[in-house]
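Descriptive structure summary
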Amino acid sequence: MTTLSNRRGWGFWLQLGFTLLVCALMTVPVVMSMLAGLTANYFVGLKSGLTLRWVEEVWRVYAGTILLSLQVAVACLACTLALGVPTAYALARRPGRFARLAEELLMMPVAIPGLATALALIVTYGGIGDLRSSWLFILIGHVLFTLPFMVRAVLAVMASTDLKTLEEGAASLGAGFLRRFLTIVLPNCRSGILAGSLMVLTLSVGEFNLTWLLHTPLTKTLPVGLADAYASLRIEIGSAYTLLFFLMIVPGLILLQALARRGRPDA
Amino acid sequence: MSACTGIAATRSPARSPVRSRGRPSSPAGHAPLRLAALLAPAAAVFAAFFLLPLVRLIAIGAGGAEGWGAYLATLTDPGHLDSLVSTLALSAGVTVATLAIATVAGLFLVRHRFPGHALLVALLTFPLAFPGAVIGFMVIMLAGRQGLIGTVTQALTGGRLVFAYSMAGLFLGYVYFSIPRVILTVMAAAEKLDPRLEEAARSLGAPPWRVAADVILPALKPALISAGALCFATAMGAFGTAFTLATRINVLPMTIYTEFTLQANIAAAAALSVLLGLITWAALALARSAAGGSVAAAG
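Residues numbered from 1 in each chain as written. Chains lettered and ligands numbered in written order. Predicted model: local features only at pLDDT ≥ 70, side-chain atom pairs only at ≥ 80, totals over all residues.

1. Here's the deal with the overall build of chain B
- Helix and strand counts for chain B stand at 13 helices and 0 strands.
- Mapped in sequence order, the helices and strands of chain B form the string α-α-α-α-α-α-α-α-α-α-α-α-α.
- Within the span of chain B, comprising 299 residues, buried residues form 45% of the whole.
- Contacts in chain B between residues far apart in sequence, at least 24 positions, make up 70% of those at least 6 positions apart. (Helix = DSSP H or I, 4+ residues; strand = E, 2+ residues; numbered from the N terminus. Buried ≥ 20, exposed ≤ 12 C-beta atoms within 10 Å, placed from the backbone. Contact = placed C-beta atoms within 7 Å.)

Here's what the structure looks like:
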């Protein structure tokens, strides 16, 4: 914290002004859309009064999409935990060229646009049984897209912990692998697992690029419904729907930020 | 599993009397078989649902009458080429603008503490997880027919400035989307800067702009390259924002979507997706090798 805060010349105020302007760009539309979702008539403005009518309307029409999004997100979290934590452990215990290559491969669904991944899934599995019309099809896409984030978050914590020494200690006391994994490894990378889980949940709830191609009329998730509402309904409904979406993801984002702050030693 | 647990136990260094003897000690239970077994489920899912479909997509791209020449033909199609060029230009512009904005704001936030600092950081970074469709809606809120910019310009000049439903709106949306991510990366890198270097430069009489150009920016370069590559790749492949703003915007993801759904031209859609995937993957890989091993996707 060797800042020059006691020497606040015009440069400081100029930069502060610029940063505040950027902040306004980020927040003003969010606030506007939240208000629009609660305004009786957006074209008239706030003086038309506040109402929960639009939120209720959205809930009536789109509750299914919200519940499906939650269902997919929770299932996706379960899958990424079951697949990702063992993967991170294996990569952490065997660092080297192979681990780097594996990590690189795992990142590919993030590096390649969701549109391409979704198309690839459709041309390969679209014709198999009822998979195309099942919510599991969306789940597959979400797991591919979120898995690297889980692996990375857990791997980062594992790499900074001396798991080897801890495990050797436990092994010298006669603890078998399963016991070491459950009582030494998992508790020691709790923070990574938590951060990864929050990331997976928020990404899954907000995923659109893949989901738009993978969804069917019977399997609409929240962002798909949002795009629907933006395209065809009045602005108040789109806004109220967005408001519900914010309510769903903001708690997770706040927790993530708090975690990141705690993880930084100097803050 | 139980078999390899047994092997691990007998090999476990803690049980063998000859331990620290120069050789890199094998960690407790490092049996390769067990690690392979732990990796297997993820590897199987990944191979079945990502690698195999990707190979199939590449093959379908070449499945038309022209075979592998289809990839070349897709590129020489004037409509596709046009959309590719405009997408590249848009993404490059978005990257430059975002890097400039986020570097100024991120550096400022790291180097000064003041009341409300934490709140400002939180507000600047929380749109991190907005999906493209929501970003598009935010652009409509700002620059749409009923948007803030329109209202303000009407009050000031009498003319309503509306640009949400065009390339300019898409530009604004992608910058909006990328700012939180890039600010986080810049801040993380700037916190690791050695303040002594700057003091040295200053004590040698360097004016602030020279300190920034010769000391700070070179030190931030790896972070800026990786954040820029991520920003570029995202802008190339993003779909939701364009979809929400206007389906007529001529960017590659929209072209792919139209080929697939409206024209049912699956071969062209596949070829274009493969091309798009190659571009974004190459951008990220190049950035990684240019910036050294420490580069990672910001999250």
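2. Things to note about the overall build of chain A
- Counting its regular elements, chain A contains 11 helices and 0 strands.
- Going from the N terminus to the C terminus, chain A shows its helices and strands as α-α-α-α-α-α-α-α-α-α-α.
- Along the three orthogonal principal directions, the C-alpha set of chain A runs to about 75 × 70 × 30 Å.
- Out of the 267 residues in chain A, the part that is buried amounts to 47%.
- Considering only contacts in chain A between residues 6 or more positions apart, those separated by 24 or more positions represent 77%.

3. Quick word on the UniProt feature "domain: ABC transmembrane type-1" (unreviewed entry) in chain A
- Per the UniProt record, "domain: ABC transmembrane type-1" (unreviewed entry) is annotated on residues 66-256 of chain A.
- Along residues 66-256 of chain A, the helical share is 83% and the strand share 0%, with 22 Å between the first and last C-alpha atoms. (UniProt positions renumbered as here; feature names shortened; annotations may be inferred.)

4. Side note on the UniProt feature "transmembrane region" (unreviewed entry) in chain A
Residue and element names in this part refer to chain A.
- When the UniProt feature table is mapped onto this chain numbering, "transmembrane region" (unreviewed entry) sits at residues 12-39, 59-84, 105-128, 134-160, 181-205 and 240-260.
- The straight-line gap between the two end C-alpha atoms of residues 59-84 is 34 Å; of that span, 100% is helix and 0% is strand.
- In residues 134-160, helix accounts for 96% and strand for 0%; the two terminal C-alpha atoms are 40 Å from one another.

5. So, the interface of chain B and chain A
- The interface of chain B with chain A comprises 79 residues on the first partner and 77 residues on the second.
- Residue composition of the side of chain B that touches chain A, grouped by class: 61 nonpolar, 14 polar and 4 charged. (Nonpolar A, V, L, I, M, F, W, Y, C, P; charged D, E, K, R; others polar.)

6. Side note on the packing of helix α6 (residues 132-143) of chain B against helix α8 (residues 167-191) of chain B
Residues and elements named next belong to chain B.
- Remark: α6 packs on α8, axes separated minimally by 9 Å, with the N-to-C direction vectors making an angle of 120°. Regarding the angle of α6 to α8, the classification is oblique. The two elements α6 and α8 cross, and the hand of that crossing is right-handed. Taking contact as the criterion, the partners of Ile135, Gly136, Met138, Val139, Leu142 and Ala143 in α6 are, on α8, Gly169, Leu172, Gly173, Tyr176 and Phe177. (Axes fitted to C-alpha atoms, helices over the stretch in contact; angles between N-to-C directions. Parallel < 35°, antiparallel > 145°, perpendicular 65-115°, else oblique. Left-handed = near helix turned anticlockwise from the far one by under 90°.)

7. A short note on the nonpolar core
- Within the largest apolar cluster, 164 residues are counted, with the highest numbers of intra-cluster contacts made by Leu119(A), Val154(A), Val139(B) and Val186(B).
- Ranked by residues supplied to this core, first place goes to helix α2 (residues 53-93) of chain A with 17 residues.
- Beyond its immediate sequence surroundings of up to four residues, Val139(B) is in contact with Ala164(B), Gly169(B), Leu172(B), Gly173(B), Tyr176(B) and Leu245(B). (Core = buried A, V, L, I, M, F, W, Y, C linked by C-beta atoms within 7 Å.)

8. Some details on the UniProt feature "transmembrane region" (unreviewed entry) in chain B
Residue and element names in this part refer to chain B.
- As annotated by UniProt and renumbered to match this structure, "transmembrane region" (unreviewed entry) occupies residues 35-64, 84-110, 117-142, 162-184, 223-246 and 266-287.
- The distance separating the terminal C-alpha atoms of residues 162-184 is 31 Å; by composition the span is 78% helix and 0% strand.
- Helix makes up 88% of residues 223-246 and strand 0%, and the two end C-alpha atoms of the span are 33 Å apart.

9. Structural notes on the packing of helix α4 (residues 114-125) of chain A against helix α13 (residues 266-291) of chain B
- One way to put it is that α4(A) packs onto α13(B) with a least axis distance of 9 Å and a crossing angle of 140°. Between α4(A) and α13(B), the angle falls in the class oblique. Helix-helix and strand crossings are classified by hand; for α4(A) and α13(B) the assignment is left-handed. When α4(A) is examined against α13(B), the residues Leu115(A), Ala116(A), Leu119(A) and Val123(A) are found in contact with a partner set consisting of Ile266(B), Ala269(B), Ala270(B), Ser273(B), Val274(B), Leu276(B) and Gly277(B).
- Across the contact of α4(A) with α13(B), the residue classes break down as 9 nonpolar, 2 polar and no charged.

10. Digging into α4(A)
Residue and element names in this part refer to chain A.
- For α4, which comprises 12 residues, the first-to-last C-alpha distance of 16 Å matches the rise-based estimate of 16 Å (1.5 Å per residue) to within 8%.
- Judged by how many residues are buried, α4 sits mostly within the fold: 10 of 12 residues are covered.
- Residues of α4 that are buried: Gly114, Leu115, Ala116, Thr117, Ala118, Leu119, Ala120, Leu121, Ile122 and Val123. (Expected span 1.5 Å × (residues − 1).)

11. Considerations on the confidence of the model for chain A
- Mean pLDDT for chain A: 85, with 96% of residues reaching 70 or above.
- The low-confidence segment residues 1-6 of chain A, where pLDDT is below 50, has 7 contacts with residues more than four positions distant or belonging to other chains. (pLDDT = per-residue confidence, 0-100.)

12. A short note on the environment of Ala70(B)
- With respect to the helices and strands, the residue Ala70(B) is situated in helix α3 (residues 69-76).
- Ala70(B) gets classed as partly exposed once you count the C-beta atoms within 10 Å, which come to 19.

13. Some thoughts on the confidence of the model for chain B
All names here are of chain B.
- Across chain B, the average pLDDT comes to 81, with 86% of residues at 70 or higher.
- Here helix α1 (residues 2-11) stands out as the least confident element of chain B, with mean pLDDT 38; helix α4 (residues 78-111) is the most confident, with 92.
- This model gives residues 1-29 a pLDDT under 50, and the stretch forms 41 contacts once residues within four places in sequence are excluded.
- Low pLDDT, under 50, characterises residues 293-299; the predicted model gives this stretch 15 contacts beyond four residues in sequence or across chains.
- Predicted complex metrics record ipTM = 0.83 and pTM = 0.83.

14. Quick notes on the environment of Leu244(A)
Residue and element names in this part refer to chain A.
- Its location among the elements puts Leu244 in helix α11 (residues 235-263).
- Here Leu244 falls in the partly exposed class, since 19 other C-beta atoms lie within 10 Å of it.
- Residues Leu244 and Val55, 189 residues apart in the sequence, show an inter-C-alpha distance of 7.8 Å.
- Look past the residues within four positions of Leu244 in its chain and what remains in contact with it is Val55, Val58 and Ile66.

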